[in-house]
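# Structural overview
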Amino acid sequence: MTASGETSAHLRPGESPSQRQSLLRRRRRCLLISSVVILLLIALILILYFTLFRFHDPSTEVISVRVDGVSPRVTFPVISINLNISLALKILVHNRNPASFTHAPGTAFLFYRGIQVGEAQVAQGRIPAKGSEVLSCELTLEADKVAGDLTTLLGDVANGEVGLDSSTRIPGRVKFLGLFKHHAVTLSECHVVIGFPDIKVKSQECTHKTKL
(Lines give C-alpha, C1' and ligand atoms only; values in the text may rest on other atoms or scores of the structure.)
Protein backbone atom coordinates (compact mmCIF):
# COMPACT_ATOMS: atom_id res chain seq x y z
CA MET A 1 0.00 0.00 0.00
CA THR A 2 1.35 3.45 -0.91
CA ALA A 3 2.09 6.21 1.55
CA SER A 4 -0.90 8.14 0.27
CA GLY A 5 -2.98 5.03 0.79
CA GLU A 6 -1.78 4.78 4.42
CA THR A 7 -2.63 8.44 4.94
CA SER A 8 -6.03 8.03 3.35
CA ALA A 9 -6.75 5.05 5.60
CA HIS A 10 -6.49 7.32 8.63
CA LEU A 11 -8.49 10.21 7.24
CA ARG A 12 -11.35 11.48 9.34
CA PRO A 13 -14.75 11.93 7.72
CA GLY A 14 -14.66 15.02 5.52
CA GLU A 15 -10.85 15.35 5.82
CA SER A 16 -8.78 15.57 2.65
CA PRO A 17 -5.26 14.09 2.26
CA SER A 18 -3.76 17.57 2.05
CA GLN A 19 -5.42 18.58 5.32
CA ARG A 20 -4.11 15.40 6.94
CA GLN A 21 -0.57 16.12 5.76
CA SER A 22 -0.80 19.69 7.03
CA LEU A 23 -1.98 18.45 10.44
CA LEU A 24 0.93 15.98 10.65
CA ARG A 25 3.42 18.71 9.76
CA ARG A 26 2.03 20.97 12.49
CA ARG A 27 2.28 18.15 15.04
CA ARG A 28 5.89 17.44 14.07
CA ARG A 29 6.69 21.15 14.30
CA CYS A 30 5.11 21.38 17.77
CA LEU A 31 7.01 18.30 18.91
CA LEU A 32 10.27 19.75 17.63
CA ILE A 33 9.65 23.13 19.28
CA SER A 34 8.70 21.43 22.57
CA SER A 35 11.89 19.34 22.50
CA VAL A 36 14.02 22.41 21.84
CA VAL A 37 12.34 24.34 24.67
CA ILE A 38 12.88 21.45 27.11
CA LEU A 39 16.55 21.18 26.11
CA LEU A 40 17.00 24.94 26.56
CA LEU A 41 15.39 24.80 30.01
CA ILE A 42 17.67 21.93 31.04
CA ALA A 43 20.69 23.85 29.73
CA LEU A 44 19.58 26.98 31.62
CA ILE A 45 19.14 25.05 34.88
CA LEU A 46 22.60 23.49 34.48
CA ILE A 47 24.17 26.87 33.77
CA LEU A 48 22.52 28.38 36.85
CA TYR A 49 23.52 25.37 38.92
CA PHE A 50 27.20 25.62 37.99
CA THR A 51 27.40 29.44 38.11
CA LEU A 52 24.88 31.46 40.10
CA PHE A 53 23.78 28.54 42.30
CA ARG A 54 27.16 26.87 42.57
CA PHE A 55 27.64 25.47 46.07
CA HIS A 56 30.16 27.19 48.32
CA ASP A 57 31.44 25.62 51.51
CA PRO A 58 30.15 27.39 54.64
CA SER A 59 33.16 28.78 56.49
CA THR A 60 33.71 28.72 60.24
CA GLU A 61 35.99 30.71 62.49
CA VAL A 62 36.48 30.66 66.24
CA ILE A 63 36.37 34.36 67.05
CA SER A 64 36.49 34.18 70.84
CA VAL A 65 37.71 31.79 73.52
CA ARG A 66 37.13 32.70 77.15
CA VAL A 67 38.02 30.62 80.18
CA ASP A 68 36.13 30.62 83.46
CA GLY A 69 37.13 28.72 86.56
CA VAL A 70 39.30 28.34 89.62
CA SER A 71 42.57 26.53 90.16
CA PRO A 72 42.34 22.81 90.90
CA ARG A 73 42.00 21.98 94.58
CA VAL A 74 42.83 18.58 96.08
CA THR A 75 41.25 17.46 99.36
CA PHE A 76 42.50 14.83 101.84
CA PRO A 77 42.25 12.22 103.34
CA VAL A 78 39.84 11.24 100.58
CA ILE A 79 41.60 12.38 97.47
CA SER A 80 39.29 14.36 95.26
CA ILE A 81 39.88 17.08 92.73
CA ASN A 82 37.73 20.15 92.48
CA LEU A 83 37.79 21.81 89.07
CA ASN A 84 35.58 24.55 87.75
CA ILE A 85 37.11 25.26 84.37
CA SER A 86 34.96 26.05 81.33
CA LEU A 87 35.83 27.20 77.85
CA ALA A 88 33.29 29.55 76.30
CA LEU A 89 33.62 29.43 72.51
CA LYS A 90 32.08 31.78 69.99
CA ILE A 91 32.09 30.37 66.46
CA LEU A 92 31.31 32.51 63.43
CA VAL A 93 29.65 30.55 60.61
CA HIS A 94 29.46 32.37 57.27
CA ASN A 95 27.13 31.13 54.52
CA ARG A 96 28.44 32.23 51.11
CA ASN A 97 25.61 30.61 49.16
CA PRO A 98 22.61 32.34 47.52
CA ALA A 99 20.36 30.04 49.57
CA SER A 100 19.98 29.53 53.31
CA PHE A 101 22.16 27.08 55.23
CA THR A 102 20.15 25.01 57.70
CA HIS A 103 22.28 23.33 60.34
CA ALA A 104 21.29 20.60 62.75
CA PRO A 105 22.41 20.56 66.40
CA GLY A 106 26.20 20.41 66.54
CA THR A 107 28.51 18.73 69.02
CA ALA A 108 31.61 20.07 70.74
CA PHE A 109 34.20 18.00 72.62
CA LEU A 110 36.92 18.99 75.06
CA PHE A 111 40.15 16.97 75.36
CA TYR A 112 43.02 16.94 77.83
CA ARG A 113 46.11 15.14 76.52
CA GLY A 114 43.96 13.14 74.09
CA ILE A 115 41.36 12.13 76.70
CA GLN A 116 37.81 13.43 76.26
CA VAL A 117 36.96 15.38 79.39
CA GLY A 118 33.89 17.35 78.31
CA GLU A 119 31.05 17.53 75.79
CA ALA A 120 28.42 20.11 74.86
CA GLN A 121 25.73 20.73 72.24
CA VAL A 122 25.59 23.56 69.72
CA ALA A 123 22.05 24.77 69.03
CA GLN A 124 20.51 24.16 65.60
CA GLY A 125 19.62 27.11 63.40
CA ARG A 126 19.27 28.62 59.95
CA ILE A 127 21.72 31.04 58.39
CA PRO A 128 20.25 33.22 55.61
CA ALA A 129 21.74 33.45 52.12
CA LYS A 130 25.02 35.39 52.12
CA GLY A 131 24.62 35.77 55.89
CA SER A 132 26.52 34.90 59.05
CA GLU A 133 25.69 33.71 62.55
CA VAL A 134 27.67 33.53 65.77
CA LEU A 135 27.17 30.26 67.64
CA SER A 136 28.00 29.97 71.31
CA CYS A 137 29.17 26.87 73.11
CA GLU A 138 30.46 26.29 76.64
CA LEU A 139 32.62 23.28 77.38
CA THR A 140 33.15 22.35 81.03
CA LEU A 141 36.03 20.14 82.10
CA GLU A 142 34.58 17.13 83.93
CA ALA A 143 36.83 16.48 86.92
CA ASP A 144 36.08 12.76 87.25
CA LYS A 145 37.47 12.15 83.76
CA VAL A 146 40.79 13.75 84.71
CA ALA A 147 41.17 11.95 88.04
CA GLY A 148 43.15 9.11 86.45
CA ASP A 149 45.69 11.62 85.16
CA LEU A 150 45.72 13.76 88.30
CA THR A 151 49.51 13.76 88.74
CA THR A 152 50.06 15.02 85.20
CA LEU A 153 47.39 17.71 85.57
CA LEU A 154 48.85 18.99 88.84
CA GLY A 155 52.27 18.99 87.21
CA ASP A 156 50.93 21.15 84.37
CA VAL A 157 49.32 23.52 86.86
CA ALA A 158 52.58 23.75 88.83
CA ASN A 159 54.37 24.63 85.58
CA GLY A 160 51.91 27.48 85.01
CA GLU A 161 49.85 26.25 82.07
CA VAL A 162 47.38 23.56 81.01
CA GLY A 163 46.74 22.68 77.37
CA LEU A 164 43.22 21.77 76.24
CA ASP A 165 41.87 20.85 72.81
CA SER A 166 38.37 21.47 71.51
CA SER A 167 36.65 20.00 68.47
CA THR A 168 33.34 21.32 67.16
CA ARG A 169 31.24 19.62 64.47
CA ILE A 170 28.20 21.32 62.87
CA PRO A 171 26.27 19.41 60.14
CA GLY A 172 23.89 21.17 57.76
CA ARG A 173 22.63 21.53 54.21
CA VAL A 174 21.97 24.12 51.51
CA LYS A 175 18.90 23.74 49.28
CA PHE A 176 18.61 25.57 45.95
CA LEU A 177 15.22 26.17 44.30
CA GLY A 178 13.77 23.32 46.32
CA LEU A 179 15.53 20.88 43.97
CA PHE A 180 19.26 20.75 44.62
CA LYS A 181 20.58 19.78 48.03
CA HIS A 182 24.14 19.93 49.30
CA HIS A 183 25.11 18.48 52.65
CA ALA A 184 28.13 19.80 54.49
CA VAL A 185 29.78 19.45 57.89
CA THR A 186 31.82 22.33 59.27
CA LEU A 187 34.64 21.44 61.64
CA SER A 188 36.60 23.67 64.01
CA GLU A 189 39.49 22.49 66.15
CA CYS A 190 41.39 24.58 68.67
CA HIS A 191 44.36 24.08 70.97
CA VAL A 192 44.10 26.42 73.94
CA VAL A 193 46.73 26.99 76.60
CA ILE A 194 45.36 28.21 79.95
CA GLY A 195 47.70 30.03 82.32
CA PHE A 196 47.77 29.46 86.08
CA PRO A 197 47.07 30.85 88.60
CA ASP A 198 45.36 33.70 86.71
CA ILE A 199 43.13 31.27 84.71
CA LYS A 200 43.43 33.13 81.41
CA VAL A 201 43.99 32.05 77.83
CA LYS A 202 47.71 32.41 77.09
CA SER A 203 47.50 31.22 73.48
CA GLN A 204 45.16 29.58 71.02
CA GLU A 205 45.56 27.97 67.62
CA CYS A 206 42.48 27.06 65.59
CA THR A 207 41.91 25.32 62.26
CA HIS A 208 38.70 25.15 60.24
CA LYS A 209 37.51 22.94 57.40
CA THR A 210 34.37 21.65 55.70
CA LYS A 211 33.49 18.10 54.72
CA LEU A 212 30.97 17.41 51.95
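Here the structure is a predicted model, which means the values were calculated and not measured.

## What about the environment of T107?
- Along the polypeptide, T107 turns up in strand 6 (residues 106-112).
- Leaving out residues up to four positions away in the same chain, T107 has contacts with E119, A120, Q121, V122, S167, T168 and R169.

## Notes on the pattern of salt bridges
- Tallied over the entire structure, the rule returns 2 salt bridges.
- For E161, the salt bridge goes to K202, with nearest N and O atoms at 3.1 Å. On the criterion of sequence distance, the pair formed by E161 in strand 10 (residues 161-176) and K202 in strand 12 (residues 200-211) is long-range, its members being 41 residues apart.
- Overall, the relative accessible area of 38% leaves E161 in the partly exposed class.
- Judged by its relative accessible area of 52%, K202 falls in the exposed class.

## Side note on the environment of E61
- Looking at the secondary structure, you find E61 in strand 1 (residues 59-68).
- Linking E61 and V93, residues 32 residues apart in sequence, is a C-alpha distance of 6.6 Å.
- Once residues within four sequence positions are removed from consideration, E61 is found in contact with K90, I91, L92 and H208.

## Some remarks on the side chain of N95
- Tracing the backbone shows N95 in the loop between strand 4 (86-94) and strand 5 (101-103).
- Within the local environment of N95, its side chain forms a polar contact with the backbone oxygen of A99, the two atoms lying 2.8 Å apart.
- Separated by 3.2 Å, the side chain of N95 and the backbone oxygen of P128 make a polar contact.
- If near-sequence neighbours (up to four positions away) are discounted, N95 is found in contact with S100, F101, I127, P128, A129, K130, G131 and V174.

## Topic: the packing of aromatic side chains
- Scanning the entire structure with this criterion turns up 1 aromatic pair.
- A ring pair is formed by F109 and F111, whose centres lie 6.4 Å apart and whose planes are at 40°; its orientation type is tilted.
- Residue classification places F111 among the partly exposed residues on the basis of a relative accessible area of 23%.

## Focus: the sheet that holds strand 1
- Spatial ordering of the open sheet is given by 1-4-9, a layout of 3 strands whose pairing is antiparallel. Each edge of the open sheet is held by one strand with a lone partner, namely strand 1 and strand 9 (132-140). Ignoring strand direction, the axes of neighbouring strands in this sheet form an average angle of 20°.
- Pairing analysis gives 9 bridges linking strand 1 to strand 4, with the strands arranged antiparallel. Within the sheet, the bridge partner assigned to V67 lies in strand 4 and is L87.

## With respect to a positive patch on the surface
- Residues R25, R26, R27, R28 and R29 make up a contiguous surface patch of positive charge.
- Inspection of the secondary structure assignment puts R29 in helix 2 (residues 17-50).

## Structural notes on the confidence of the model for the protein chain
- Within the protein chain, residue pLDDT values average 80, and 80% of them lie at 70 or more.
- Of all helices and strands in the protein chain, the one with the weakest mean pLDDT is helix 1 (residues 3-9) (47), whereas strand 6 scores best (92).
- Contacts of residues 1-9 to residues separated by more than four positions or lying in other chains number 4 contacts, the stretch itself having pLDDT below 50.

## Focus on the nonpolar core
- Counting residues in hydrophobic clusters, the biggest one holds 36 residues, and the most contacted among them are L87, L164 and I194.
- Here this core gets 5 residues from one element, more than from any other, and that element is strand 10.
- Setting aside chain neighbours within four positions, we find L87 in contact with V65, R66, V67, L110, C137, E138, L139, L164, V192 and I194.

Cut-offs used in this document
- Residues numbered from 1 in each chain as written.
- Predicted model: local features only at pLDDT ≥ 70, side-chain atom pairs only at ≥ 80, totals over all residues.
- Heavy atoms only, no water.
- Helix = DSSP H or I, 4+ residues; strand = E, 2+ residues; numbered from the N terminus.
- Contact = heavy atoms within 4.5 Å.
- Salt bridge = Lys/Arg side-chain N within 4 Å of Asp/Glu carboxyl O.
- Buried < 20%, exposed > 50% of the residue type's maximum accessible area, 1.4 Å probe, protein only.
- Polar contact = N/O pair within 3.5 Å; in protein donor to acceptor, adjacent residues only side chain to side chain.
- Phe/Tyr/Trp six-rings, centres within 6.5 Å; stacked < 30°, edge-to-face > 60°.
- Pairing = 2+ DSSP bridges.
- Axes fitted to C-alpha atoms, helices over the stretch in contact; angles between N-to-C directions.
- Patch = residues over 30% accessible without salt bridge, like charges linked within 9 Å, V, L, I, M, F, W, Y side chains within 5 Å.
- Areas by Shrake-Rupley, 256 points an atom, 1.4 Å probe, with all protein chains shown as cover.
- Lys, Arg positive; Asp, Glu negative; His and termini not counted.
- Charge placed at Lys NZ, Arg CZ, Asp CG, Glu CD.
- pLDDT = per-residue confidence, 0-100.
- Core = buried A, V, L, I, M, F, W, Y, C linked by side-chain atoms within 4.5 Å.

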